[in-house]
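Chains, contacts and geometry: an overview
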Amino acid sequence: MSTTNLIIVVPCYNEEEVLRETTVQLSSVLSELEKTDSINTGQILYVDDGSHDTTWELIEQFSQKNNRVKGLKLAHNVGHQQALWAGLEWASSHSYSAAVSIDADLQDDVEAIKEMVAYFNQGKDIVYGVRKERKTDTFFKKHTAQLFYKLMSGLGGEVVYNHADFRLMSLRALKSLIVHPERNLFLRGMVCSIGYPSACVYYDRKERFAGESKYPLSKMLNFALDGITSFSVKPLRLITSFGLFFILIAIVIIGYALHSFIIGHVIPGWTSLLISMWLIGGTLLTALGIIGEYIGKIYKEVKRRPRYFVEKEV
Ligand code: UDP
Ligand code: MG
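1. Here we look at the pairing of strand E3 (residues 69-74)
- Both strand E2 (residues 41-49) and E3 contribute to a ladder of six bridges, which runs parallel. Within the sheet, the bridge partner assigned to Asp-49 lies in E3 and is Leu-74.
- Where the polypeptide runs from E2 across helix H2 (residues 55-65) and back to E3, its parallel neighbour, the crossover connection is right-handed.

Next up, the structure:
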């Protein structure tokens, strides 16, 4: 007899068009999991992220008819990451043994939840849902997203390639996540940095079931920038490298300018201007980079991220 109490956390922002179908599909997956004894009980937690449509009314209505459904209404729209955090924090404080996070729009394959649970039952703490191919994404979205994942890992941020926020986390992983005190959330990176045994399940991402994307390009770019700046101080270090590189160029220029000066083929003032331009530029950039190093340190300190998590003890 399985003792797993599973909760599926679904952030919703103006999702009245999809919620009914989402509830049907998630409930049926949970019923199957219960029938096969993979879990003991399964619930759904909708987090209404300050919707302006009838999303909350629907959640209330579903929760009365279907005892699997629970709802959390946020007083204001705080964005997908914060809404998801609210749901995960709730799940952790109610001691569910595992939580799956998924978008409301059914773009992620609900069937993959079964595989996630199977890995969880084998002892994995974190199971990442990974998109196989991005057939349904536009050319632009696919390539910008992939560029982002490459840039992120190049800058030293840990992310699972092509994994968004569809994942399962054990209670232990949830507890480790919610002790991160930072306000700038980039959950997919934070979860990776926790560690713990993990696995990936692969699925095909579908079209949105109904409604429109709540993530326009501007929000997407902000999110990518947030991701990089929350996990990497390398851009700051890059400034120092540029500065030193400019100083190197300055040294070459000094030689060249003095040589031209000595053989006398220059307009008066050219030598001093050229040399000071490169030298001052390089020095300024290096100085900025050094300040950046300290800012990077301060940034890491104020985030007060936990230092480590113990996986096992004997
Ligand atoms: N979402 C949210 N708050 C927001 C924006 C989006 O809770 O401010 C939810 C939305 O309801 C959905 C999920 O986040 O469940 C992902 O949004 P969407 O599907 O629109 O993004 P896309 O898949 O287009 O990147
Ligand atoms: Mg979507």
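2. Notes on the site of ligand 1
- In the vicinity of ligand 1 lie 19 residues, with Glu-15, Asp-49, Asp-105, Ser-213 and Lys-214 positioned nearest.
- With respect to ligand 1, the backbone of Tyr-13 contributes an N or O atom lying 2.8 Å from an oxygen atom.
- Against a free-state accessible area of 530 Å², the protein chains account for coverage of 95% of ligand 1.
- Residue composition of the shell around ligand 1, by class: five nonpolar, five polar and nine charged.

3. Here we look at the environment of Phe-62
- Mapped onto the secondary structure, Phe-62 falls in helix H2.
- Measuring from C-alpha to C-alpha, the distance between Phe-62 and Thr-23 comes to 8.1 Å, with 39 residues separating the pair along the chain.
- Aside from chain neighbours lying at most four places away, what touches Phe-62 is Leu-19, Arg-20, Thr-23 and Val-69.

4. A few points about the packing of aromatic side chains
- Summed over all chains, the structure comprises eleven aromatic pairs.
- Judged by centre distance (5.7 Å) and plane angle (65°), the ring pair of Tyr-149 and Tyr-161 falls under edge-to-face. Within this pair, whereas Tyr-149 is found in helix H5 (residues 139-154), its partner Tyr-161 is found in the loop between H5 and strand E6 (163-170), the two being separated by twelve residues in sequence.
- On the basis of relative accessibility, which here comes to 38%, the residue Tyr-161 falls in the partly exposed class.
- Among the aromatic residues, ring-to-ring pairing joins Phe-148, Tyr-149, Tyr-161, Phe-186, Tyr-215, Phe-223 and Phe-231 into one connected group.
- Lying over the aromatic face of Tyr-196, Arg-172 brings its terminal NZ or CZ to 4.2 Å of the ring centre.
- Taking the ring centre of Tyr-215 as reference, the NZ or CZ of Lys-219 above it sits at 5.8 Å.

Each value, and the rule that gives it
- Residues numbered from 1 in each chain as written.
- Chains lettered and ligands numbered in written order.
- Predicted model: local features only at pLDDT ≥ 70, side-chain atom pairs only at ≥ 80, totals over all residues.
- Heavy atoms only, no water.
- Pairing = 2+ DSSP bridges.
- Helix = DSSP H or I, 4+ residues; strand = E, 2+ residues; numbered from the N terminus.
- Right-handed = clockwise from strand over helix to strand, strands pointing away.
- Near = heavy atom within 4 Å.
- Polar contact = N/O pair within 3.5 Å; in protein donor to acceptor, adjacent residues only side chain to side chain.
- Areas by Shrake-Rupley, 256 points an atom, 1.4 Å probe, with all protein chains shown as cover.
- Nonpolar A, V, L, I, M, F, W, Y, C, P; charged D, E, K, R; others polar.
- Contact = heavy atoms within 4.5 Å.
- Phe/Tyr/Trp six-rings, centres within 6.5 Å; stacked < 30°, edge-to-face > 60°.
- Buried < 20%, exposed > 50% of the residue type's maximum accessible area, 1.4 Å probe, protein only.
- Lys NZ or Arg CZ within 6 Å of the ring centre and 35° of its normal.

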